[in-house]
Amino acid sequence: MSRLHILRYPDARLHKIAAPVAEVNDSIRSLVADMAETMYAAPGVGLAATQVDVHKQVIVIDASETHDQLLALINPEIVAAIGESDCEEGCLSVPGIYEKIARAEHIVVRALGLDGQSFTMEADGLLAVCIQHEMDHLKGRVFVEYLSRLKQTRIRAKMQKQLRQSA
Ligand code: NI
């Protein structure tokens, strides 16, 4: 396993659209293992392949308090969404920024697991928020893009400053 480099907003590669995974093979399982290691090390509760510059529909999430409930979703699709909640979100690609975003409160998701089998799951609370946030990454969307233009401009300036300082 190895830790992967996480792209930082406003990197243009965060806007690429991820392609569906044709076959869940060892290279996908190894990508999931590396993404999980990267997410836990960060530390974070979710990571999309897009964030590590791999443009395939793969996300990993662990929204548990014990950090031992790894969930890998391949080719995830939301098949039902009910209610609305706004929860404060953050993102490993936009460090230090936390903003409230409106999301569906309860979702039903269909995806492939690491065994290549399709399964359906229900989620609410933090897990539902995480799944929607990570699925947005696969569509090239970063959560700050739901905010006003003014806020986005400020966040972009802050991120560019951080990058210059770390360079
Ligand atoms: Ni994110």
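Structure's up top.
Residues numbered from 1 in each chain as written. Predicted model: local features only at pLDDT ≥ 70, side-chain atom pairs only at ≥ 80, totals over all residues. Heavy atoms only, no water.

Q: Hey, could you go over the sheet that holds strand 7 (residues 118-124) for me, with residue numbers and the actual values?
A: The sheet built from five strands is open, its strands ordered 1-2-3-6-7 with antiparallel pairing. In this open sheet, the two edge strands, each paired with only one partner strand, are strand 1 (46-48) and strand 7. Going from strand to strand, the sheet's axes swing by 40 degrees on average, the running direction of each strand aside. Relative to strand 6 (residues 106-112), strand 3 (residues 71-82) is paired through six bridges, and the arrangement is antiparallel. Along strand 6, the bridge assignment pairs Ala81 with Ile107. (Pairing = 2+ DSSP bridges. Helix = DSSP H or I, 4+ residues; strand = E, 2+ residues; numbered from the N terminus. Axes fitted to C-alpha atoms, helices over the stretch in contact; angles between N-to-C directions.)

Q: Summarise the coordination of the nickel ion; cite the residues concerned and give the values.
A: The protein atoms that coordinate the nickel ion are Cys91 (SG), His133 (NE2) and His137 (NE2), at distances spanning 2.1 to 2.2 Å. Taken in chain order, the donor set of the nickel ion reads C-x41-H-x3-H. With Cys91 in the loop between strand 4 (85-89) and strand 5 (99-103) and His133 in helix 2 (residues 125-138), the pair connects residues that are 42 residues apart, well separated along the chain. The same class applies to Cys91 and to His133, which are both buried. (Donors = N, O, S within 2.8 Å, 3.2 Å for Na, K, Ca; no water. Buried < 20%, exposed > 50% of the residue type's maximum accessible area, 1.4 Å probe, protein only.)

Q: Hey, could you go over the pattern of salt bridges for me, with residue numbers and the actual values?
A: With the rule as written, the count across this model stands at nine salt bridges. A salt bridge links Arg13 to Asp11, with the nearest nitrogen and oxygen atoms 2.7 Å apart. Two residues, Asp136 and Lys139, come together in a salt bridge whose shortest N-O distance is 4.0 Å. Connected through salt bridges with shared partners, the residues Glu89, Arg103, Asp136 and Lys139 form a single ionic network. (Salt bridge = Lys/Arg side-chain N within 4 Å of Asp/Glu carboxyl O.)

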